[in-house]
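Architecture and fold: a report
One letter stands for each residue in the lines below.
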Protein chains: 2
Amino acid sequence: MSKPTTAIGIDFGGTSIKSAVVREGQIIARGEPIDPQAFAGSDALIEAMAALIAKLRVAHPEIAGVGIGLPGFVDSENGIVHSLTNVAGWDEVPLCQILHEKTGLTVTIENDANAMAYGEFKYGAAKGGRHVICITLGTGVGGALILNHKLYRGAQLGAGEVGHMSIDLNGRPGPYGNNGGLEEYVGNQQIAERAVELYRAAGLTKTMEDCTPKALQQAALTGDAVAVGLWNQLGIELGTALASVVWLINPDTIVIGGGVALAGDVLFQPIIREIKSRTLALFHEQLRVIPATLGNDAGIIGNAALALEAAE
Amino acid sequence: MSKPTTAIGIDFGGTSIKSAVVREGQIIARGEPIDPQAFAGSDALIEAMAALIAKLRVAHPEIAGVGIGLPGFVDSENGIVHSLTNVAGWDEVPLCQILHEKTGLTVTIENDANAMAYGEFKYGAAKGGRHVICITLGTGVGGALILNHKLYRGAQLGAGEVGHMSIDLNGRPGPYGNNGGLEEYVGNQQIAERAVELYRAAGLTKTMEDCTPKALQQAALTGDAVAVGLWNQLGIELGTALASVVWLINPDTIVIGGGVALAGDVLFQPIIREIKSRTLALFHEQLRVIPATLGNDAGIIGNAALALEAAE
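Figured I'd write up the structure that's included with this text. Given the structure is predicted, the values throughout are model-derived calculations rather than measurements. (Residues numbered from 1 in each chain as written. Chains lettered and ligands numbered in written order. Predicted model: local features only at pLDDT ≥ 70, side-chain atom pairs only at ≥ 80, totals over all residues. Heavy atoms only, no water.)

Moving on, we get to the overall build of chain A. From N to C terminus, chain A includes 10 helices and 12 strands. Taking 2.2 N^0.38 as the reference for a compact globule, 312 residues should give roughly 20 Å; the C-alpha atoms of chain A span a radius of gyration of 21 Å, in line with that estimate. Along the first, second and third principal axes, the C-alpha atoms of chain A reach 60 × 45 × 35 Å. Of all 312 residues assigned to chain A, the portion counted as buried reaches 55%. In the structure as shown, chain A presents an accessible area of about 12,700 Å², 51% of it carried by carbon and sulfur atoms. Computing the positive centroid from 21 side-chain charges and the negative centroid from 32, chain A places the two 7 Å apart. (Helix = DSSP H or I, 4+ residues; strand = E, 2+ residues; numbered from the N terminus. Rg over C-alpha atoms; globule rule 2.2 N^0.38 Å. Buried < 20%, exposed > 50% of the residue type's maximum accessible area, 1.4 Å probe, protein only. Areas by Shrake-Rupley, 256 points an atom, 1.4 Å probe, with all protein chains shown as cover. Lys, Arg positive; Asp, Glu negative; His and termini not counted. Charge placed at Lys NZ, Arg CZ, Asp CG, Glu CD.)

Next comes the structure, spelled out in structure tokens:
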């Protein structure tokens, strides 16, 4: 039998379940999106996922496996969904086993942040890397580690929480009494609040809605001193946390994705400057700090890759 | 052929090279110490090491390999010593190949911090762990990671530098422009300086020599408020850095060794309290934070274990 090349990747989001047939990192057909909130519980929703898989297999009988990324607490080693964030009725569901029985296919599950990171590692920005850190900048700061070419999950499968690393032991209050957690400085909401405050101090009135990452990027590109200053400060804060990650993990690649990362150079340049200024040359001379490239498809592509590897 | 059980572990220190025959984690015979400073360069010193190995093999012909831990920059994958700290004449020495040719044995080399950590993992405090962080508190703060039962070394074999993680982005100045690096707070020298200063503020005159970790531990045990306060503060600082490690790596075991760690409960209790107060229960409920148990033999035992695994 020849080596399988094609799998289904499923990105299980809180408001939409997206899917596609993926061959060697390329999406070749997409499934109909499913709204998870339209189903009363896991049984009916799993039935809908099985129907979706069956439909995709009609045109693609060569499909060798299904990989599913989920937003929540997932035991990828035993195939069990412990609980999901914002989707009710998913407590201790042996999803891999149920879907395998319904489809006969190899089924893998993974935490969504890990799946996205794996997609970037296999087919996106971090291709060719061996020790890779991925962070996602949005409402919060998510993260995932790929070490020695494999997802590293940790003792309770919780590894990668860069957003909770403290950059100031007496800093901004955060959850769990964890003062100075990175997320409290660079989350979407925090960035907007800080911008409004900085503009006010400069005698300008702006609303939170005026201060999206996109608007602040445009402002910085036109030389707006408040925006430039804020991006520099965000770069220092992110760069401090990432420098600590670099000292601890000595990665070859850091991938930064998510909405805030779309700001590009106005954010990446200060981050890279800060990492370099805080680490020994040995640790940063060959380090790549680069934007994610797969966008919203990273999860689908990563899950398909994980399923293929399990099917081999 | 039965599985080998016995190897020589060598702990190559800047002032003394210690060695022993080790069987399943137990030292069964010790070699004569060698003073590395008594040799003009690597050739003569390697000759002395070969003679030492030959002597130990007379009584123990079953020896299957030799593992050497060195203080410096070491390529354990290719068996090359790039350079040593405080020992001249060791630039780009293919030590494993040379000693293998002289002895016929499997020879491994490792960075000394990694070798000590591996000893604690295989036969000491961290036995039974899967994802282990080891830190050593002395003049500096060293560290090493064992992930999925294996030493994790990183892209340039530099991983584990917990001592350079920043706990305050605007904190104490340190090397590489890295403000707030943990080592600047909890190194031996810094602890003594801070104690002298705190006693002075309390109206008491103490010298640096009065303020060794041992003396400060005794003072804390007799209720000395300055000493108790300082150990609590050191625990908060170490606990903040370790909480960041816990969020990122999600280990099952943290081992703390080195002279400062001999302070015991007066240090460990505040460290554990701080880690718990800064992390989600999932991350700390099953986490062990424990003192190293192999003391000065950790390196010898770890190197012997690494040599045995390579010989298998």
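Of the residues lining the interface, 46 residues belong to chain A; the matching set on chain B comes to 47 residues. Surface buried jointly by chain A and chain B totals about 3,900 Å² across both partners, of which 58% is contributed by carbon and sulfur atoms. Its largest share of buried area at the contact with chain B, chain A owes to L169(A), W247(A) and L248(A), together 20% of the area lost on that side. At the boundary of chain A and chain B, one finds two salt bridges. Counting every contact that joins chain A to chain B gives 25 residue pairs in polar contact (both at pLDDT 80 or more). Put simply, the parts of the chain that give the side of chain A that touches chain B at least two residues each are strand 9 (141-147), helix 7 (225-249), helix 8 (265-278) and helix 9 (281-284) of chain A. In terms of residue class, the side of chain A that touches chain B is made up of 21 nonpolar, 17 polar and eight charged. (Contact = heavy atoms within 4.5 Å. Buried area = accessible area lost by both parts, 1.4 Å probe. Salt bridge = Lys/Arg side-chain N within 4 Å of Asp/Glu carboxyl O. Polar contact = N/O pair within 3.5 Å; in protein donor to acceptor, adjacent residues only side chain to side chain. Nonpolar A, V, L, I, M, F, W, Y, C, P; charged D, E, K, R; others polar.)

Residues and elements named next belong to chain A. In the structure shown here, the tally under the stated rule is eight aromatic pairs over all chains. Ring plane angle 50° and centroid distance 4.9 Å describe the contact between W247 and F283, whose orientation is recorded as tilted. One end of the pair, W247, is in helix 7; the other, F283, is in helix 9, with 36 residues separating them in the sequence. Taken individually, W247 and F283 each receive the classification buried, so the pair is uniform in this respect. (Phe/Tyr/Trp six-rings, centres within 6.5 Å; stacked < 30°, edge-to-face > 60°.)

Attention now moves to the pattern of salt bridges. All names here are of chain B. A complete count under the given rule lists 20 salt bridges over all chains for this structure. For R30, the salt bridge goes to D297, with nearest N and O atoms at 2.9 Å. With R30 in strand 3 (residues 26-30) and D297 in the loop between strand 12 (288-291) and helix 10 (298-311), this residue pair connects regions lying 267 residues apart in the sequence. You can call R30 exposed: its relative accessible area is 51%. A salt bridge links K122 to E309; the nearest nitrogen and oxygen atoms lie 3.2 Å apart. One end of the pair, K122, is in helix 3 (residues 112-123); the other, E309, is in helix 10, with 187 residues separating them in the sequence.

I249(A), I256(A), I249(B) and I256(B) are the most contacted members of the largest nonpolar core, which has 100 residues in total. When residues no more than four places from it in sequence are discounted, the contact partners of I249(A) are I133(A), L147(A), L145(B), Y152(B), G154(B), A159(B), L248(B) and I249(B). (Core = buried A, V, L, I, M, F, W, Y, C linked by side-chain atoms within 4.5 Å.)

It is worth spelling out the sheet that holds strand 3 of chain B at this point. Within a sheet, adjacent strands bond to each other through the backbone by hydrogen bonds, running parallel or antiparallel. Residue and element names in this part refer to chain B. Read from one edge of the open sheet, five strands run 3-2-1-4-7, paired in mixed fashion. Each edge of the open sheet carries a strand with a single partner, namely strand 3 and strand 7 (106-111). Each strand of the sheet is rotated relative to its neighbour by a mean of 30°, with strand direction disregarded. Here seven bridges tie strand 1 (residues 6-12) to strand 2 (residues 17-23), and the two strands are oriented antiparallel to one another. Bridge assignment links F12 to a residue of strand 2, and that residue is I17. Sheet strands in contact with helix 1 (residues 42-59) are strand 1, strand 2, strand 3 and strand 4 (65-70), and its direction is about 145° off that of strand 1. Packing of helix 10 onto the sheet brings it into contact with strand 1, strand 2, strand 3, strand 4 and strand 7, and relative to strand 1 it is tilted by some 135°. (Pairing = 2+ DSSP bridges. Axes fitted to C-alpha atoms, helices over the stretch in contact; angles between N-to-C directions.)

Another aspect to go through is the pairing of strand 11 (residues 253-257) of chain B. Residues and elements named next belong to chain B. Most of strand 11 is tucked away: five of the five residues are buried. Where strand 8 (residues 132-137) lies against strand 11, five bridges are found, and the strand directions are parallel. Pairing of I133 across the sheet is with I254, part of strand 11. Looking at chain direction, strand 11 and strand 12 are connected through four bridges and run parallel. Within strand 12, the position partnered with V255 by the bridge is I290.

Okay, the pairing of strand 3 (residues 26-30) of chain A next. All names here are of chain A. Looking at chain direction, strand 2 (residues 17-23) and strand 3 are connected through four bridges and run antiparallel. The residue of strand 3 that forms the bridge with A20 is R30. Between strand 2 and strand 3, which follow one another and run antiparallel, lie two residues, and E24 among them has a positive phi close to 45°.

A few words now on the side chain of T103(A). Residues and elements named next belong to chain A. Along the chain, T103 turns up in helix 2 (residues 95-103). T103 sits in the buried class, given a relative accessible area of 14%. One polar contact links the side chain of T103 to the main-chain amide nitrogen of L105, over a distance of 3.1 Å. If we ignore the near neighbours within four places in the chain, the residues touching T103 are I53 and R57.

This part is about the relation of the copies chain A and chain B. Under the fitted operation, chain A is carried onto chain B by 0.0 Å of movement along the axis and a turn of 180°, and the coordinates agree to an RMSD of 0.0 Å. Viewed as a symmetry operation, the transformation between the two copies matches a two-fold axis. Considering only C-alpha atoms, the part of chain A nearest the rotation axis is D168(A), at 2.0 Å. (Least-squares fit on C-alpha atoms with pLDDT ≥ 70 in both.)

All right, on to helix 2 of chain A then. All names here are of chain A. Within helix 2, burial applies to L95, C96, L99 and T103. Considered in projection along helix 2, the buried side chains sweep an arc of 90° and stay on one side of the axis. Each element contacted by the buried residues of helix 2 is listed here: helix 1 (42-59), strand 4 (65-70), strand 6 (80-84) and strand 7 (106-111). Phi turns positive one or two residues past the end of helix 2, at G104, with a value near 75°. (Arc of directions from axis to C-beta.)

Before going further, it helps to examine unusual backbone geometry. Residues and elements named next belong to chain B. Located in the positive-phi region is E24, a residue other than glycine, with phi close to 45°. Looking at where E24 falls in the secondary structure, it is placed in the loop between strand 2 and strand 3. At N86, a residue that is not glycine, the phi angle is positive and equals roughly 70°. Structurally, the position occupied by N86 is in the loop between strand 6 (80-84) and helix 2 (95-103).

So, on to the packing of helix 5 (residues 188-201) of chain A against helix 7 of chain A. Residue and element names in this part refer to chain A. It is at 10 Å that the axes of helix 5 and helix 7 come closest, and there the two elements cross at 140°. One finds that helix 5 runs oblique with respect to helix 7. Crossing of helix 5 against helix 7: the hand is right-handed. Each of I191, R194, A195, L198 and Y199 in helix 5 lies in contact with helix 7, whose residues at this interface are V226, A227, L230, Q233, L234 and E237. (Parallel < 35°, antiparallel > 145°, perpendicular 65-115°, else oblique. Left-handed = near helix turned anticlockwise from the far one by under 90°.)

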